Each structure stands twice: as C-alpha cells, then as structure tokens.
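The primary structure of each chain is shown beneath.
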Amino acid sequence: MNGEVIFCPKWHRAFWFLLFAVPCFLHAGEAEITCRSCQPGSKWRGKELLLKFHTSESATGFRGQVFGNSERRFGAASAETPRLSCAVGSAECARARVEYPETSLKRNTRDLRAKGELGQSEFTQMKVSNVSTSGQKKNGRVEGVRRRARRNSHGDKLGSPRSAQNQDRGEATGTVAGRRVTRSELRWSGEERRAAGPRQEELKLNSSTFALTGDSSHNQAMVHWSGQNSSVILMLTKLFDFNLNSVTESSLWRSTDYGATYQKLNDKVGAKTILSYLYVSPNNKRKIMLLTDPEVESSLLISSDEGATYQKYRLNFYILSLLFHPEQEDWILAYSHDQKLYSSVEFGRRWQLVHERVAPNRFYWSKMGLDKEPGLIHLETSITEGQALYVTCKLQNCTDANKGKPFPGYIDPNSLVVQDEYVFVQVSAGGRPIYYVSAKRDVFTPMKLPKYTLPKDLHVISTDENRVVAAVREWNQNETYNLYVSDTSGVYYTLALENVVSSMGPEGNVMVDLYEVAGIKGMFLANKRTDNQVKTYITYNRGRDWRLLQAPSKDLRGNSIHCVLPYCSLHLHLHVSANPYTSGNIASRDSAPGIIVASGSIGAELTTSNVSVFITSDAGNTWRQIFDEEYAVLYLDQGGALVAIRHTPLPIRHLWLSFDEGRQWNKYSFTNTPLFVDGVLGEPGEETLIMTIFGHVSHRSEWQLVKIDFRSIFNRRCIEADYQTWHLHNQGEPCLMGVKRIYRKLKPTSRCVMGKTYSVTMTSAPCDCTEADFECDYGFERRTDGKCTPAFWFHPSSMSRSCTTGMTFLNSTGYRKVVSNNCTAGVSAEYTARRQQCPIQAPKGLHLVTSEGSLTAVLGTNVTFLVFLEEGDGARTSITLDFGDGHALTYSNVSSIEDGIKHIYKAVGIYRVTATGENSLGSETAMLYLHVTCQLEYIHLSAPFVAVRNKEVNLTAVLWPSQVGTVTYIWWIGNNTEQPVITLEGSVAYTFSREGINTVTVQVSAGNTILQDRKTIAVHEYFRSHLLAFSSNLDEHNPDIAEWRLDVSRVIKNSLIQATGVREDQLLVTVLPGLPTAAEFFLLPDKQITEGKPEKSSAHLDQLSELLLSALNQNLVQFTLRPGVQVTVYAAHLSAATQRHSESEHRYKYVCLFLLGMLLLS
C-alpha cells in the first residue's frame, strides 16, 4: 500500500496523513451514469473524514490502516454547556462530576480539503464511476497524478482555552479564544516538560523513533508497507514547489525492521534523480515501481526485491495513471497525458501503444469467467466532442480487425463503466438520457427505473452480490438522491430509500452518505434528509427495512440521556459525500463483526457541533459513548483491541488503548517528546500489532517516525476459553437475511493475542421465509399497510419480450426475495414468482430509434436502426423495417436484429422510417422521421448590381451542393439590420424605396454548418446598362471567385473612364460569375445636369451610352491582366436597354447569365 503524508512549509493547523491508494470517482451535473470505483469487485467504502482511511486491496495492494488529522476549525462552545473531556472508563471520568468550561470541537467538513496539486485527476468530468462505501477495493487502478495531503500553512482557529484540569496530562494547552495559533505558541507546558522525564506511574508502549535526517524541507511523503509477513517499509519524501507546480527534491528511504530504522537509497536510484511517485504490484508486493519527475526526465525505476535494488528504464510518454491487472502481476495499463493508452506485460520494462483518443479512466481489464480471454481490454474511445464508442481490444494486438464493438452505435462521452459482471453505458436521445446495462456480457438492455423517475443524474453505487445499487437524483431533487436496487439482470429497479444526503466532492464528484458495515452481510447505514433534518438510518436486509439508531442510555460520566425515538436518536457522520483525500470517521472490520466505531451526535438531527465518538458491539442495536471529542480509532489484533489517537493541532505523546470493545480505556505514552502528529500507518493485514506514527517536533525539524510495537502489552496467546458466542439480531429478531447467525468473538475480559491464525467463525441456520424477506418487485410500490401493489403506471400483465410461445415465464406476485437472502419454506411459495406458460399475445410497445439516438444522418454513411419490443412473443413476431426510400427489410423475429439494422441513404431528404411487428394475433407500428443531410460547402447570393427604385428585385441564395437537407435562410436587407427575415426558401423578393447603396446579407444554416454571403446593390431611378464581352484569353486566367471578379471589375471601370472620360461616380461595372467571362456596365445620370427630370435624364444617359459603345466598338478599351496578357473589352451584341429599364427584364437577363456560368463551371 502507498500512503502519503503531505505538508506545507508553514503550518498553523492540524496535520494529516493519507494513504496513497487512488479510488475512482466521477462528476455529475446533467443526467448521467456514474460509479465510484472504476474496476470490478470494488466494495462500497465508507469514506470518511476524521477517523481513518482504510483500504484493503488498494491499487498498490496494501491492506493497511491510516489515520489523519484533517484541516478542521475549532469554535468556542457556550459557557452554559461545559463538559469534562475524558475517555470512558478512565480515571478522569471516575472522579467526582466536576465540570469545567471548555472548547468543544466543531467539524466543518466543507473545509476539509487536500491542497496538493491535483492535475488531471480521475475526478474530472466523468459520467460513469462507482461508489465504494466500506471495505475493500479490488482494482489495481492507480492515479499517477496528485493525490496529496500536506502540511497546512493556514491556521486553525481555537476557541477559549481549556483548563489545565481538562487537558490530557502532558498534552499542550490551547491559546486565547478566537486567536490564530502560531507554531511558536505551540510549546510544551511545564507539566509536559515534567512528563517528558521518566515517570513510574505512566504506562508506556514499546516504541522507537527514527528521524529522516536531511528531509526537513520536504513537504510530501508516500509510504508503502509490504505486509505478507514482510518487515520492509518504503518511504518517498518530496519537496513540492507549489509555485513551480513540480517536485524539486526527493529522498527514498527503506526500512527492513518494521520501521525501527531507515536507510536512505538516493545513491541507488541516482543522486540527482527526482522521484515523483511510488507504485507496487497488487499481486506481488516485492515488485516496486518508481516514477521520475517528467519535467526532469521521464523514466521508471523498477525493483523486484522489495526496493533493495533498482533498474532504470526510459519512457517516451508521460504517465498520468496506471491500472494493474487483477491477476497477472506484470501486466499494466498506462494512460498518458495525450489520451493514449499503453500496455506492458513486463512490469513496465517495455511498453506498447494500445489505442489513441481514450477517455480518462474509461479502460478496464477483462474479468475471468466473463470475457473470452484474460488479455482483453474494455475501453471508451472519443470520436467527436459529443460522441464516443465502446470497444474491446486485445492486449498485444489492438487493430481494427481485432476490435469488438459490444454496443451498437455511439455512446455519450465518459459514460462507460465495466464492473463485476455488468457493463453500463449512456446514450442521450431527445434531451433525455437512456441508460443501458449488459449482464454477463450479454446484449445491452435499457435500465428500467420506475416510469416517472425521470433522472437528472444517476450513479452506480455497487454491483456486488449479483445486483446493482444505483443512486438517482430525480427531476424534483436538488441535494439528495434516491437509492434503487435491481434484480440479478441489472435491468429492473425498485426504490430502497428516498432522499439520501449527498454533496459535491472537491473534484466535482458526487458523494452519497451510504456506508456498508464490514463483517455483517446486508447491513448498511445511510443519512436521510427528512423535513430539512438529516437523520441516520440502519438496515439489516439490504435496504428492505430501515430504522433510526437508538441513542446511548448514558453519557461518559454515567448521566442518563433522555432520548426517545422517533423524536431523538443517534446520528453518525458517514460522510461518503465528503473529502476523498482524508480518512473516514466511521470504521468496521470483517475480522470484528458487530463492532462499529463512528463519530456523531445525539438529538433530533445530525449536527457538526458537539461531536462525540460512539461504539457498538452488537451490530448497531445498542451504542455507547467513548469520547466526547473526535479521536481516530484503529483496530488492533483483528479487533481484539482498539487504539485511539486524539485529533488535535497540538503536540501529543499519548494514545488510548481498550481491550474490552471500548468499555475501558487506558492511556499510554508512545514517545518522551511531544509530537505534532501528521498521520498513522498500521501494519498491513487484520492483525495490526505494529504501527508507525509520523510527525514533527517543530515545523523546522526532520520527519520523526515512531514505531510502536503493541505485542509487548499482551502476555499470552488466546485459547478457546477466551472466546464466547454472540448471536446477531435486530432488536431481538435473530433471523436476518433469512438465517440465524452465531459468531465466535473474544470475551471483553480476555487480554490476549488472537494472532494471524485467527479467523472469524460463524455458524448459521436457515429461517422460514416471512414477508420481511421479500421486497417489492419492479412496478410495485409498498403501501402504508406494508403490502406491495402495482403502481398506477404499471400493467402487471405485461410480458417480457424474451417470452416465447411454448416456453415459460415467471409471473410476478408483486414481490421478489431480497438478493442473498437464504430463507427457506415459510411464505416462500406465496411470495415467489410463479412459472407459467408464455401466452400467445400480439406485439405491444414497439420502439424504433437510431443507435446514436439522433434524428439526423449524413448522406452516404451507415445508419443503424434499433428495434425493441416491450411485450409479445419476440421469437414469433416478425419485424419489417421500411426505410422510406423505396427499400424495406423483413426479419423473422426480434432476436435476429438485436445488433441493429444498417442502411445507407443515397439522396438527401426527410424519410419516414417505419417498423412493424406482426404475429398471428396482431401488429404494432413504430415510426420516426429521419433527416438525411450532406455538408453545405459553398453559397452565392445572386442579386442585381443595380436596381430600380420602387421596383421588386429577386434575391437568391444558390447552394453547393444544391441539395443538403433541411435549410434555413436568414436575410438582412438594406438598413433593416436588427430584424432579419427568416425563410425556408432560397429566394425572396424585395422592393427598395430609396435611392442609394444597400447591403444584402444572407446566412444559410444546414445542420451544424452556417455559411454567409453579402452583396451591395445600388438603387437608382434611371440608368443605362450594357453587357460586355472580352477577348478569349481572359477565360484562361479566370478562377471564377468573388475576389477576382471584384478586382477585374475595378480594372475594367478604370479602362472605360480612361478611354471615354466618363466621371467615376456615373459608372458602375461588375463581372458576372461563370464562364465565358462576361460583365455589365451601368450608367447613372448626373442629377446636377438633369435636375431630376426624366426627359433630361434620358437624353443625358443616351449621350453617355453612345460615347462608351463607340469606344468599345473601336477597341479602345483594353487592359493588361499580367505581363504578356492584353485583354480587349467589347460591347456584347445585344441591343441597349431602354430609357427606363424593366426590372423583370434585367433580372431575367442577369440570372440566366449567372446560371449559365454556374452550369459551365460545374
């Protein structure tokens, strides 16, 4: 296991330590699937804040226990509610009940944040992940990126100082209320100095201290304890420069005597080598991998002897995360910074590219017994911004020919989860997500939640015990989630608990307050919001029934607690929704069934003030208060003893031990010099008799590693007489999950070592089935009388589409047995679904969609249609699919088209696609309209260069290609620039009422493409125009683009002015599109000469026209296009326009020439 201790150069707050085992989390916001462990086999983990961070099979394979003091703010308590700080059963609590004013701890979980650099964390922007709540993480995924705690430079606030009598003897005192604590103030008290010397009456632990000399500036650390009877501990310390965002120094330390002494190994890895991360094979703890800082060099250092020696291997990519194979110790997947996935079958010595454009943390190893071969990889690859594919790949041969596509069509980005025997994907259609599940690698089926659930967000919580637990934020929820449980297929879901508390994690990942108790199958704790109050509930049958927790009857000092259900109860901080970097504040162990330690409060609701620590020895039936402020509690000797360390920013030298399940606590010193505790690392495994406390004497001192060996406090091995039997029950009911369970556990009076050979012994006997062993089936809801009746939207007679005539099906009674419930007989026959013959029935509930969930398709590409039948004999129902373009296909049954029906459209248009299911009893039809489009490449606005005032002109947008599908035209004409005209036709008619220059802009929207063209139109009352022709050599140099035509128009105009002397403002010239090259000139009257009178204007324009035509006919108008290319301009052999042009005649002439040119061009 890797642990990481991280500090800031300045520290005024409590320090904390975390295990560098990286879980996978995901983000939500839109309707999404998420799950919190990205590998099969991950258990729910009660992640939380102040007690301890526990993992049992981490990415590095280390099952250790780590505590940490998280960043916490302290507030002043009211003087009206003073309390005596003591441990239950201690001498302090046995004194007379004298109360002193003191500061009560307040926890602000929103401030608990790891402030190390996060980088491309696996928390970012995911849609599918898994929530682990308690227990073990079986996957091997390791983030090579930035999971760090650190020495904090920001001060915690302390409230009023505690009195000397209220302090643990030898512990430092607090400061003035409201003042920020500085390091210089955290000094020993006189009593602590005296306590530093030998004291006869003080209980001491067998401990040794080692200082990591030379690492005083290092602010981060990663720790690995091999376990498996190994005494080797590796520790990587680093100086992380937060300004440079990189590691600037590192040291590698190794201990071979359980942490009593350490050897510095910098010379073995290279004196100048800067190390950034440490990894361990989960299948062989002797194999160690070190990663260098890529900004200095990109290399791996590999050891096969528990870190004694290393070999260096160069890398040509930057590792962001690693995923170890669950069984093959040398197989690793590496994800790089450029979204490439690499594989190694030699523990990192050689790497091979597997695939590019892989989504972060969307790659999974195959699972034996489900996938065809062990070297198969499941991955999600990005196609476009909104589309991804689920593919399977061979480890050493990921070619297109060897890729599998288990899901037909595109999926939403970051939505693939492969966990245990289930695979989940998400496809959005019509603004709503559709969630698909595949069980045992079978075909994908839409997940069926109650009809009107309408999820905004969905997270896969758990997939163990052959069922799925999902947290769903429904359409009317904002801060809570509803828990749903599935049948074994993962398809049909029923409600388990409403309004479970959630919050957003530091990386945008949703955290749900749900905790699975280790050692007791079917037992969970959850925090539910009811009437704006958060209350803790417990279940013993996987969510079938929930109840509040009974508060302790007495407090630490023996005072009675008046707390009556349901108005008052015990509430626990599960904090699955809080900071993933810090340790949890609830703990249970498989080796100690029935024992749960958690922090919480007593009252009408859960609070963050007056937090105490509670324990239960009988699986939640009764609770006892053991501390009245927060402590981290560690299980020793497989739960035979408990050790507690106080959460405080002050230096300490004591811890507390209990050998009777927390009834009595004894104080022990673990060091002579008070230590600012940064974290605690327990020996791997459940035995845990050796642990290391990490800390500093001062903020400038080296790391102090205190090894504590608890074996010396036990005087013998346990024998059979030291054990007793314990009957699991729920408020006296012994039948839980269909069996009576009897455990063997250590007597509270026995003080002995159980040792590594101890294993939990349980005997069980089945119970007769009762109604409590059954939950409501899909489509049924539990009423107030406890009965399951059909929901208003559900038709109990509906059949599965897999029901085939001549076969049988299970006809639901409205109930289904809770998963893993082992009851027998009793009411089983009454509540169990009855097998009946499949009736012949007409098809009903036929659905037709495209695999992408889209109603558009690109011309010439494959379109995959999916057809689903809700009810009817699928094997005897034929399916006919009419594509709407004159083609149709008929299939004999539904099962033959489970992979979809592909079709290619050869023309643009809107097609009515019809699916018809038919058997001997009837038929059902489903329909969709598919828009087939192609890419719009070019548009041209056809408009006259000059228009007559008050005469209608035609404006036409010409498209290329001419048919691209549904098109929208947006027009801005003249001075009307604020209110565009929107049409579905490519032409509009418009009348300009004023003379002058007008601009026309058109935008054409086709699919995701928008193109634009703009033209300028001169509007006049009178003008003359004539077409121009050119010598043939001009066509050879005409690229027929708008810019060229503008430039040549200007050259022609200048040539005409030079040859005739016509004023510039009276002449307009435009070159027309297309070949052969043609142009047109326009003559405008001089209003000063004509005085705006028609007869004068006509005579003036006739005079100018004769002048220009004469020059043209004499070949006087020429221009040089380029050296050696002399172009002559001629008057085209058409009659001159009449005095007042007919606008329609002019438009016809212009459009004909334009279309002729476009035709020749094409």
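Residues numbered from 1 in each chain as written. Predicted model: local features only at pLDDT ≥ 70, side-chain atom pairs only at ≥ 80, totals over all residues. Heavy atoms only, no water.

The chain is annotated in an unreviewed UniProt entry as VPS10 domain-containing receptor SorCS2 from Oreochromis niloticus. Database annotation for the chain, UniProt heading Sequence similarities (unreviewed entry): "Belongs to the VPS10-related sortilin family. SORCS subfamily." (UniProt positions renumbered as here; feature names shortened; annotations may be inferred.)

Student: So, the overall build of the chain: which residues are in play, and what are the values?
Tutor: A tally of helices and strands in the chain yields 8 helices and 79 strands. Every one of the 1162 residues in the chain was classed for burial, and the buried ones make up 59%. A separation of at least 24 residues holds for 62% of the contacts in the chain among residues at least 6 apart in sequence. When the accessible area of the chain is evaluated, it comes to approximately 46200 Å², of which 50% is carbon and sulfur surface. (Helix = DSSP H or I, 4+ residues; strand = E, 2+ residues; numbered from the N terminus. Buried < 20%, exposed > 50% of the residue type's maximum accessible area, 1.4 Å probe, protein only. Contact = heavy atoms within 4.5 Å. Areas by Shrake-Rupley, 256 points an atom, 1.4 Å probe, with all protein chains shown as cover.)

Student: So what's going on with the sheet that holds strand E22 (residues 376-384)? Residues and values would help.
Tutor: Taken together, 3 strands build an open sheet; the order of strands is E21-E22-E23 and the sheet is antiparallel. At either margin of the open sheet sits one strand with a lone partner, and together these are strand E21 (358-365) and strand E23 (387-394). Each strand axis lies, on average, 25 degrees off the axis of its neighbour in the sheet, ignoring direction. (Pairing = 2+ DSSP bridges. Axes fitted to C-alpha atoms, helices over the stretch in contact; angles between N-to-C directions.)

Student: Residue-level account of the packing of aromatic side chains, with values.
Tutor: Inspection of the entire model under this criterion finds 31 aromatic pairs. Pairing Phe-659 with Phe-714 gives two aromatic rings, centres 5.6 Å apart and planes at 90 degrees, and the pair type is edge-to-face. One end of the pair, Phe-659, is in the loop between strand E44 (654-658) and strand E45 (666-669); the other, Phe-714, is in the loop between strand E48 (703-709) and strand E49 (723-727), with 55 residues separating them in the sequence. Looking at Phe-659, the relative accessible area reads 10%, which means it is buried. In textbook terms, an aromatic cluster arises when at least three aromatic residues are bridged by ring pairs, as seen for Tyr-492, Tyr-778, Phe-780, Trp-793 and Phe-794. We note Lys-238 situated over the ring of Tyr-277; from NZ or CZ to the ring centre the distance is 4.7 Å. (Phe/Tyr/Trp six-rings, centres within 6.5 Å; stacked < 30°, edge-to-face > 60°. Lys NZ or Arg CZ within 6 Å of the ring centre and 35° of its normal.)

Student: Explain the confidence of the model for the chain residue by residue, including any values.
Tutor: Chain-level pLDDT for the chain is 77 on average; 77% of the residues reach the 70-or-more range. Across the chain, strand E37 (residues 569-572) holds the top mean pLDDT of 96, while strand E4 (residues 53-54) sits lowest at 26. Predicted confidence is poor over residues 576-583, with pLDDT under 50, and the contacts of this stretch with residues over four places away or in other chains come to 56 contacts. Ignoring residues within four places in sequence, the model shows residues 1135-1162, a span with pLDDT below 50, making 51 contacts including any to other chains. (pLDDT = per-residue confidence, 0-100.)

Student: Tell me about the state of the cysteines, residues and numbers included.
Tutor: In total, this model carries 6 disulfides according to the counting rule given. The disulfide that involves Cys-718 links it to Cys-752, with 2.0 Å between the sulfurs. Taking the sign of the S-S torsion, 100 degrees for the link of Cys-718 and Cys-752, the bridge is right-handed. Taken as a pair, Cys-718 in the loop between E48 and E49 and Cys-752 in the loop between strand E51 (739-746) and strand E52 (761-766) lie far apart in primary sequence, 34 residues in all. A relative accessible area of 17% places Cys-718 in the buried class. Note that Cys-776 is cross-linked by a disulfide to Cys-788, the S-S spacing being 2.0 Å. Since a negative S-S torsion denotes a left-handed disulfide, the Cys-776-Cys-788 link at about -85 degrees is left-handed. Remark: Cys-788 occurs in strand E55 (residues 788-790) and Cys-776 occurs in strand E53 (residues 774-776); sequence separation between them is 12 residues. Accessibility expressed as a relative area gives 8% for Cys-788, which makes it buried. (Disulfide = S-S within 2.5 Å.)

Student: Pulling in residues and values, what's your account of unusual backbone geometry?
Tutor: Here the amide bond leading from Trp-960 into Pro-961 is cis, since omega sits at -5 degrees, within 30 degrees of zero. Within the fold, Pro-961 resides in the loop between strand E69 (952-960) and strand E70 (967-973). Cis geometry is found at the peptide bond from Leu-1075 to Pro-1076, where omega equals -5 degrees. Secondary-structure assignment places Pro-1076 in the loop between strand E76 (1067-1072) and strand E77 (1078-1083). Even without glycine at this site, Asp-420 takes up a positive phi of about 55 degrees. Its place among the elements puts Asp-420 in the loop between strand E24 (417-419) and strand E25 (422-429). The buried category is assigned to Asp-420, whose relative accessible area is 11%. Although it is not a glycine, Asn-499 sits at a positive phi angle of roughly 55 degrees. Tracing the backbone through its elements, the reader meets Asn-499 in strand E31 (residues 493-504).

Student: I'd like a rundown of the pairing of strand E15 (residues 299-303), residues and numbers included.
Tutor: The buried fraction of E15 amounts to 5 of the 5 residues, a majority that puts the element mostly inside the structure. Bridging between strand E14 (residues 288-292) and E15 involves 4 bridges; their strand directions are antiparallel. Bridge pairing in E15 places Ile-288 opposite Ser-303.

Student: Which residues make up helix H7 (residues 1094-1113), and what values do they have?
Tutor: The end-to-end C-alpha distance of H7 is 28 Å, a good match for the 28 Å that 20 residues give at a rise of 1.5 Å each. Those residues of H7 that sit buried are Ser-1097, Ser-1098, His-1100, Leu-1101, Leu-1104, Ser-1105, Leu-1108, Leu-1109, Ala-1111 and Leu-1112. Buried residues along H7 cover an arc of 165 degrees about the axis, so they all sit on one side. With respect to the buried face of H7, the exposed residues turned more than 90 degrees away are Glu-1095, Gln-1103, Glu-1106 and Asn-1113. Just past H7, the residue Asn-1115 takes up positive phi, approximately 55 degrees. (Expected span 1.5 Å × (residues − 1). Arc of directions from axis to C-beta.)

Student: Talk me through the packing of helix H5 (residues 1042-1060) against H7; I want residue IDs and the actual numbers.
Tutor: Where H5 meets H7, the axes come as close as 10 Å, and the angle between the chain directions of the two elements is 100 degrees. Taken together, the axes of H5 and H7 lie roughly perpendicular to each other. Contact with H5, carried on its side by Leu-1056, Ala-1059 and Thr-1060, involves Leu-1107, Leu-1108, Ala-1111 and Leu-1112 of H7 and no other residues of that element. Taken together, the residues of the contact of H5 with H7 sort by class into 6 nonpolar, 1 polar and no charged. (Parallel < 35°, antiparallel > 145°, perpendicular 65-115°, else oblique. Nonpolar A, V, L, I, M, F, W, Y, C, P; charged D, E, K, R; others polar.)

Student: Describe the pattern of salt bridges, with residues and values.
Tutor: Where charged atoms from two side chains of opposite charge come close, those side chains can pair. The final tally for this structure, using the stated rule, is 32 salt bridges. A salt bridge links Arg-1024 to Asp-1102, with the nearest nitrogen and oxygen atoms 2.9 Å apart. Residue Arg-1024 is located in strand E75 (residues 1024-1030), and its partner Asp-1102 is located in helix H7; the two are separated by 78 residues in the primary sequence. Two residues, Arg-1045 and Asp-1040, come together in a salt bridge whose shortest N-O distance is 2.7 Å. Here Arg-1045 and Asp-1040 have matching classes, each one buried. A cluster of three or more residues bridged by salt bridges with shared partners is formed by Arg-544, Asp-545, Glu-771 and Arg-782. (Salt bridge = Lys/Arg side-chain N within 4 Å of Asp/Glu carboxyl O.)

Student: Report on a nonpolar patch on the surface, specifying residues and quantitative values.
Tutor: The grouping of Tyr-452, Leu-454, Trp-475 and Phe-792 at the surface amounts to a nonpolar patch, some 500 Å² of accessible area in total. Relative to the helices and strands, Leu-454 resides in the loop between strand E27 (445-446) and strand E28 (457-462). (Patch = residues over 30% accessible without salt bridge, like charges linked within 9 Å, V, L, I, M, F, W, Y side chains within 5 Å.)

Student: Account for the environment of Ser-250, naming residues and giving values.
Tutor: As for its placement among the helices and strands, Ser-250 is situated in strand E11 (residues 246-255). Separated by 29 residues in the primary sequence, Ser-250 and Ala-221 place their C-alpha atoms 9.2 Å from one another. When neighbours within four sequence positions are excluded, Ser-250 is seen to be in contact with His-218, Leu-236, Thr-237, Lys-238, Asn-266, Thr-273, Ile-274 and Leu-275. A polar contact of 2.9 Å, which involves the side chain of Ser-250, links it to the backbone nitrogen of Leu-275. (Polar contact = N/O pair within 3.5 Å; in protein donor to acceptor, adjacent residues only side chain to side chain.)

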